[in-house]
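The residues making up each chain are set out below.
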Amino acid sequence: MHVKRFILGLAVFASLTFTAAGQDYPSADYRADIPTLEETVGHSHGEALTSSRDVIEYLRALAAAEPSRIQIRSYGESWQGRDLVYAIISSPENMQALDEIQANLSTLGSGQGLSDTVLGDTPAVVWLSYGVHGDEVTPSDSALFMAYHLLAAQDDELVDTILDNTIVIIDPNQNPDGRERFLHDFTSALGLEPQGDRYAAEHDQLWPRGRFNHYVFDLNRDWFSLTQPETKGKVAALLDWHPVVFVDSHEMGGDETYFFPPSADPFNPNVTEDQRAKQAQLGQNMARYFDRFGAPYFTREIFDAFYPGYGDMWPTLNGAVAMTFEQGSPRGLVFDRRDGTKLTYNEGVRNNVLSSLATLETVARNKDTYLRDYGTYRRSAISDAERADDRYVVLDLSTARYEAESLALRLAAQGISVQRTPAGSRHCGDTYRNGALIVDLAQPQGRLIRTLLSPSTELPAEFIAEQESRRVRGLDHELYDVTAWSLPLMDGVASQQCNRVDLGSAMQISAEDLIPSITAPGGAFGQIVPWTDGGQAKLVGAALRAGLRGKTTDEAFTQGGRVYPAGSVIFTAADNPDDMNAQLRALAEQIGAEIVAMESSWVEDGPNFGSSSFAAMKAPRIAMAWGDGTVATSAGNTRFVVERVLGLPVTPIRASTIASADLSLYDVLILPDTAGGLASEIGEAEPIQNFVHEGGLLVVFSGSVNMIAEEEFGLLSTKLEYAAITETPPGNDESESEENGRAPGTILESDEDYAALITDEQASPEEVPGVLLRAIANTDHWLASGYDVANVLLTGGDIYRPLNEGDGVNVFRFADSDDMLLSGYLWEENRAQLAYKPFVMAEEYGEGLVIGFTQSPTTRAYLNGLNLLLANAVILGPSRVAH
């Protein structure tokens, strides 16, 4: 069957049968020489789901028909090789002057003002971004209608004003890999006619769903992390254009209507009152459009403006007025809502057009104000920081050097100025023996810098009070995402802030720079790879994969006056090819790692290289549970970190076939987080038990810790805890028993007594949105190599009982309640119960070992300070078990 013809037949049915009154699009007198979507790809707007290929085909057809008013530019490729493009649409006069306009916008964005004449002649950029989640399907088709409408409408005063006063940038499809995954599932499930039943197969996506990109990342959380190509290219393009307004068009549950700004509380303190006022101004015009077309909407209730990794928040902290739009999703062509109405694809496409067009009108009719206020935001960021006591952020290069260097490059890729100072430079009254990296907040992106690099970003006091009140009243909190994200803390980089640094010998860092390597000639005996950061682990992994033979120590040793920590790896000339030194130097230079030449085997302290403390290594063979039963983002994030950060290939095995797989082919088996269901997908515990018993290394994260601790698996001697109860309910003496169906009598004398009596004694601890906590290492265990403490992102409500010393080792445990919290807002009950509880546990089983992380070390691939810890497990671990 011809797939496109099949889909179109269904689309015509949907369009004719389910298009309700009041769903007309904004219209105009359209030019006949501008191709329509139907003429180009075979269906009209809102009739069918346009594929990623056809999205680009139609934009290119528009550009071929009207090159004076539209350009298509590429900003990268997805993991699967699909083009990432944006369209630039404006008047012919503006299009001819794009270079001059960009230069003016760059001047404005630098914090310098434009003269009234130049500002008056400069159009404002509005960036319309659609479909960051691949299964949020209507926005991309809305993007195509917007492009057509702006190019084909003639004798239309509003369109002419938009084209004269703005440059409209349309990013039609931010996540083409995810969109195609959704379209494949959707198309595969279609039959005679589209089904609105929410449980129909066409609405029930297969794992991991279309929401995510190839590596199963939520791209709407990747903005400051810059881990994915889709994000990297988009951020680079945004920096070229300085948009004054940014739109991120999404979908939400199909029973909802439409959300547009103002955003919900809490607002990040670095969002200005002017930005909040403009959100309201833009929202009011959208309301007029929605009223005109009879479309329901809501504002303020959800979708806050606090976390800087959202698609609306990163542009906001750069000075734009940025907004999230959320259309109720049909997840196909038609969806039966609980209120008895039908939501069609056509309606969703139309609604996104309304909000987009209303946005363009507001900016076009007020473009000088938007430009001037954008310049003011950027200029005030400089002036505010110039007087601040914490003006400079100093990143120490003495520890976690690779993470500090990598952080500097990510900041530079976001347009942030970072400077390198030499060894021995003095900043904040301290001497930095290995040099430092300096970030000055007195630059146009100062508010973004403050948000990303400060130890904490405080929630508004009144918002916290309301959340605590809601908890007392038995209501859910209103926090939408994590409350902590300080990049130095997450990267394990030592930093401080002050107002006095020495930049006399500083050098600017470029995003294109390579991380400096540290090598030296010589090495008659061999090379040492100090186990100090993630770059060193990546180097060891690359060397092992290249066939070099190394040994790792579980104790520190001293050679040439330098102490090399546990975990450090030696590559000796005797054990390796003649060109070993050259190979290691080449790898170190490529990665930005350090190697130290050895002229002899003599050590001044610690174990000699022939000691049993040194264990032979090999390139680890790693398998991971994949598919149904696993939390999709945990599986994707973990695979990405192991493969793309540490450089080690992973074999994903569907959880349902693990019991049939030959696990003896692997040294390491990783079970990512599960929200339940992984045990039933695996089916039998015995194959995993046998894998470990015969010398395998099992590494489990979060919910999978509980799974393997349960009786069926019995591989980890821990248990999830209930929430701690601090008050004993009146009359709840365990010695009293119920008789004749009655409970012992109680006398309640206070609200506290009542609350204690109705407390669920088997409730789980309160869910925590996300905080950074300090974990203390057991430095006697090899799994803690490279650490004294670790900074952990804690989310959820799981708290585990520590291992008994007769069963295993609590390699990392959370600090005491006074020293635990590093950043974010943590409920006091959780703080008290988490103290001294385990973060990482290790327990032997037969010849093998089980390692349990109670919180994932790979979340969003932005916990770079834990990459070395993961490497301890998957690179060092196989040398410590007998597989």
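(A) The sheet that holds strand E19 (residues 495-498), seen in detail. The antiparallel open sheet is built from five strands, whose spatial order is E19-E14-E18-E15-E20. Whereas interior strands pair on both sides, the edge strands pair on one side only; in this sheet they are E19 and strand E20 (507-508). Examined bridge by bridge, strand E15 (residues 418-421) and strand E18 (residues 436-440) share four bridges and lie antiparallel to one another. Residue pairing in the sheet places Arg 420 in a bridge with Leu 437 of E18.

(B) Fine view of the side chain of Asn 637. As for its placement among the helices and strands, Asn 637 is situated in helix H21 (residues 632-645). Not counting the four nearest positions on each side in its chain, Asn 637 is found in contact with Tyr 215, Val 216, Phe 217, Thr 858, Thr 859, Arg 860 and Ala 861.

(C) Highlighting the sheet that holds strand E11 (residues 321-328). As summarised here, the arrangement of the seven strands in space is E2-E3-E6-E4-E7-E11-E8, forming an open sheet in which the pairing is mixed. Since the sheet does not close on itself, it has two edges, and those belong to strand E2 (70-77) and strand E8 (258-259), each with one partner. Where strand E3 (residues 83-89) lies against strand E6 (residues 166-171), three bridges are found, and the strand directions are antiparallel. Bridge assignment links Ile 89 to a residue of E6, and that residue is Val 168. Across the sheet, helix H3 (residues 52-65) lies against E2 and E3, angled at about 35° from E3, the strand it touches most. Against the sheet, helix H8 (residues 157-165) makes contact with E3, strand E4 (124-130) and E6, and its axis sits at roughly 95° relative to E6, the strand it touches most.

(D) Representation of unusual backbone geometry within the structure. A cis amide bond links Trp 207 with the next residue in sequence, Pro 208, at an omega value of 5°. The residue Pro 208 is located in the loop between helix H9 (176-189) and helix H10 (229-241) in this model. For the bond from Asp 265 to Pro 266, the omega torsion is 5°, close enough to zero to count as cis. Along the chain, Pro 266 falls in strand E9 (residues 264-267). One non-glycine residue, Asp 155, lies in the positive phi region at around 55°.

(E) Region of interest: the pattern of salt bridges. On inspection of all chains with the given rule, the structure shows 43 salt bridges. The salt bridge involving Glu 136 is made with Arg 211; its shortest N-O contact spans 3.4 Å. In this pair, Glu 136 sits in the loop between E4 and helix H7 (138-152) while Arg 211 sits in the loop between H9 and H10, placing the two residues 75 residues apart along the sequence. The exposure classification of Glu 136 matches that of Arg 211, with both residues buried. Notably, a salt bridge pairs Glu 721 with Lys 837, separated by 2.9 Å at the nearest N-O pair. With a gap of 116 residues between them, Glu 721 in the loop between helix H24 (703-709) and helix H25 (751-758) and Lys 837 in the loop between helix H26 (828-834) and strand E36 (838-845) connect regions that are remote in the sequence. Several salt bridges share partner residues, and in doing so they unite Glu 136, Arg 211, Asp 218, Arg 221, Asp 481 and Arg 860 into one network.

(F) Examining the nonpolar core more closely. One finds Ile 170, Val 245, Phe 812, Phe 839, Val 874 and Ile 875 to be the most contacted residues of the largest nonpolar core, which totals 219 residues. Look past the residues within four positions of Phe 812 in its chain and what remains in contact with it is Ala 775, Ile 776, Ala 777, Leu 783, Ala 784, Tyr 787, Ala 790, Pro 838, Phe 839, Val 840 and Leu 869. Of all hydrophobic cores here, the second largest spans 28 residues; its members include Leu 663, Val 692, Ile 708 and Phe 713.

(G) Highlighting the environment of Gly 42. Within the secondary structure layout, Gly 42 lies in the loop between helix H2 (37-41) and H3. Each C-alpha atom of the pair Gly 42 and Asp 54 lies 9.7 Å from the other, and the pair is twelve residues apart in sequence.

(H) Structural detail: the packing of aromatic side chains. Evaluation of the coordinates by the stated rule reveals 38 aromatic pairs. An angle of 75° between the planes, with centres 6.1 Å apart, marks the rings of Phe 290 and Tyr 297 as edge-to-face. For Phe 290, a relative accessible area of 0% gives the class buried. Ring geometry for Phe 306 against Trp 485: centres 5.2 Å apart, planes inclined by 70°, an arrangement best described as edge-to-face. Here Phe 306 is found in the loop between strand E10 (304-305) and helix H12 (313-317), whereas its partner Trp 485 is found in the loop between helix H17 (461-472) and helix H18 (487-491), with 179 residues between them in sequence. A relative accessible area of 2% places Phe 306 in the buried class. A connected cluster of aromatic rings, assembled from ring pairs, spans Phe 224, Phe 259, Phe 298, Phe 303, Phe 306, Tyr 307, Tyr 310, Tyr 480, Trp 485 and Tyr 862. Stacked on the ring of Phe 267, the Lys or Arg Arg 276 has its end atom at 3.7 Å from the ring centre.

(I) A nonpolar patch on the surface, seen in detail. Where nonpolar side chains cluster on the molecular surface, the patch consists of Leu 748, Tyr 754, Leu 757 and Ile 758 and spans about 380 Å² of accessible area. Assignment of secondary structure puts Leu 757 in helix H25.

(J) Region of the structure containing the packing of helix H5 (residues 98-109) against helix H14 (residues 367-386). The interhelical angle for the contact between H5 and H14, taken along N-to-C directions, is 45°, at an axis separation of 8 Å. When the axes of H5 and H14 are compared, the pair comes out oblique. Contacts between H5 and H14 involve Leu 105, Leu 108 and Gly 109 from the first element and Leu 371, Tyr 374, Gly 375 and Arg 378 from the second.

Thresholds, definitions, all that
Residues numbered from 1 in each chain as written. Predicted model: local features only at pLDDT ≥ 70, side-chain atom pairs only at ≥ 80, totals over all residues. Heavy atoms only, no water. Pairing = 2+ DSSP bridges. Helix = DSSP H or I, 4+ residues; strand = E, 2+ residues; numbered from the N terminus. Contact = heavy atoms within 4.5 Å. Axes fitted to C-alpha atoms, helices over the stretch in contact; angles between N-to-C directions. Salt bridge = Lys/Arg side-chain N within 4 Å of Asp/Glu carboxyl O. Buried < 20%, exposed > 50% of the residue type's maximum accessible area, 1.4 Å probe, protein only. Core = buried A, V, L, I, M, F, W, Y, C linked by side-chain atoms within 4.5 Å. Phe/Tyr/Trp six-rings, centres within 6.5 Å; stacked < 30°, edge-to-face > 60°. Lys NZ or Arg CZ within 6 Å of the ring centre and 35° of its normal. Patch = residues over 30% accessible without salt bridge, like charges linked within 9 Å, V, L, I, M, F, W, Y side chains within 5 Å. Areas by Shrake-Rupley, 256 points an atom, 1.4 Å probe, with all protein chains shown as cover. Parallel < 35°, antiparallel > 145°, perpendicular 65-115°, else oblique.

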